[in-house]
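Coordinates in review
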Amino acid sequence: MQASQPHPISDASKQSINRTFWRYAIPSVAAMLVNGFYQIVDGIFIGQYVGYEGLAGINMAWPIIYIFAGIGLMIGMGSGSLLSINRGQEQGSASTGIGKGTLAQSLKTNHTLATAAILIIGFGLLGSLVLFMSGTSLLLAQGGTGNTLILAQQYIAPFSWSVTFTILAAAIPILIRNDERPNLATGLMVMGACLNILLDYIFIVQLNMALHGAAIATVAAQIAVASCGAIYFLSSFTKTKMSNLTLNFASMRFDLELARRILLLGSSSFVMYLYTSFVFALHNRLFMEYGSPITVGAFAIVGYLMVLYYFVAEGLGEGMQPPVSYFFGAKQTENIKKVLVLATKVTITAGIAWLLILNLFPSTIIGLFNTEDSSLIQEATSGIRLHLFAMFLDGYLVLAIMFFMAVNQGKKALGISVGNMLIQLPLLYFLPPWLGVKGVWLAMPISNVLMFIIVAPMVWHHLNNDKQDNCGEFLGSRS
């Protein structure tokens, strides 16, 4: 039997946990920053060339589209975690000369990837049907009226036939990253972002297509990313193989049990996106009720600025996941602790730094989106100070969710995501009648503080009590 090649994470863990973490985190954060940057550029084009009604319109369409990106993240994170766990177990089997164990993990890898592909196609077709039948109703539920509603409808229209690409574009980079190609995953996202920005300029500025043009630009970028990612994995069946996975067409089949595991492991990511979409939609409704379309436009600006950090936290979490999942599969408990502590320090520090910048230079940053409407600038400034003061705690919650997913604790990760959504509901119910628009702004940061008080001890308890025997549950399921 030939000696197996040393695994990159295994090698790095013997030298430097910092290097292991940053090898995955830097490309992941860079990719997410690019993703956040091109979304901000979307907002800048719309704010400057369409105005506050355009910002309000895209802010009402965005929660709907975001759900489908969340489905892609769910499938990508769930199947990606299983692929990395399989790698850790396969490396362990190879190092002890257990050939059957290695073969079993290779088959499971083929089943996992095939199952993920079927899930993407199925959810994509279902999503297109939902948009065709209920897109306008979902906008009306957020309080959409007049020109704001028309602009939001224009944005949603191109997605009604391209949901599968939206889901695939979210899942593919995660799968490639878990195939030990983090730089390629980042490159794909950078390519998609640059293409989106270029097409934004053409469709919004040159052709004056407003939100419809912005949507076409985004869809085109997603199709490009999804197509390149599909080519990467399909190359495994050709002589010009690019993927590190050993794929065999005869072994590719849908596995219902693996589908359940993928959805369970990734469900917390989906609920995290669902939570974001639901909360944004509810904020839109309440801002229309207690404020005006200008308030929703200001909320869109604040949301863009918040999402930029949110993507950094998500990138750190996604960068943390492959090594943590590998260490979990290889039963290297101490390395898991070191990676998580490092990721936590970086996430909270980045959040505090961004919060300081936003509060020191609010007018300059808001001016990127609109320099003419003083009411919009004033409302957005107030939103930054009220809505984002606990933003760094939201980043910690994202990291905690990713951590529990990486160590096969899908139920705990799901519990945090659901709890984060449920805890805001009473705040959004009681605070606006008492404080008006300020109450809407304050609901999310207060919920972040409350959730941090609950989740931080949960993570601490997990780190200081050896829970790695949970790996036995996963190992026990092997055929």
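Attention here is on the structure that accompanies the text. (Residues numbered from 1 in each chain as written. Predicted model: local features only at pLDDT ≥ 70, side-chain atom pairs only at ≥ 80, totals over all residues. Heavy atoms only, no water.)

Right, let's talk about the environment of isoleucine 120 for a bit. If you trace the backbone, isoleucine 120 turns up in helix α4 (residues 99-141). Isoleucine 120 sits in the buried class, given a relative accessible area of 5%. Along the chain, isoleucine 120 and threonine 166 lie 46 residues apart, while their C-alpha atoms are 9.7 Å from each other. Apart from the residues within four sequence positions on either side, isoleucine 120 is in contact with Ile75, Thr164, Ile167, Leu168 and Ala171. (Helix = DSSP H or I, 4+ residues; strand = E, 2+ residues; numbered from the N terminus. Buried < 20%, exposed > 50% of the residue type's maximum accessible area, 1.4 Å probe, protein only. Contact = heavy atoms within 4.5 Å.)

Packing of helix α9 (residues 256-290) against helix α15 (residues 410-422) brings their axes to within 7 Å, and their N-to-C directions diverge by 10°. On the basis of the axis angle, α9 is roughly parallel to α15. Every residue of α15 that contacts α9 at Leu264, Leu265, Ser267, Ser268, Val271, Met272, Leu274, Tyr275 and Phe278 is listed here: Gly410, Lys411, Ala413, Leu414, Ser417, Val418, Asn420 and Met421. In terms of residue class, the contact of α9 with α15 is made up of 11 nonpolar, 5 polar and 1 charged. (Axes fitted to C-alpha atoms, helices over the stretch in contact; angles between N-to-C directions. Parallel < 35°, antiparallel > 145°, perpendicular 65-115°, else oblique. Nonpolar A, V, L, I, M, F, W, Y, C, P; charged D, E, K, R; others polar.)

This part takes up the nonpolar core. As a rule of thumb, soluble globular proteins bury nonpolar side chains together. Membership of the largest hydrophobic core comes to 145 residues, with the highest contact counts inside it found for Tyr155, Met320 and Phe403. Among the elements that line this core, the one with the most residues is helix α10 (residues 293-329), at 22 residues. Three or more residues apiece are contributed to this core by two domains, here domain 1 (26-254) and domain 2 (268-466). Not counting chain neighbours up to four residues away, the residues in contact with tyrosine 155 comprise Asp42, Ile58, Ala61, Ile65, Leu211, Ala214, Ala215 and Thr218. (Core = buried A, V, L, I, M, F, W, Y, C linked by side-chain atoms within 4.5 Å. Domains from an automatic or database assignment.)

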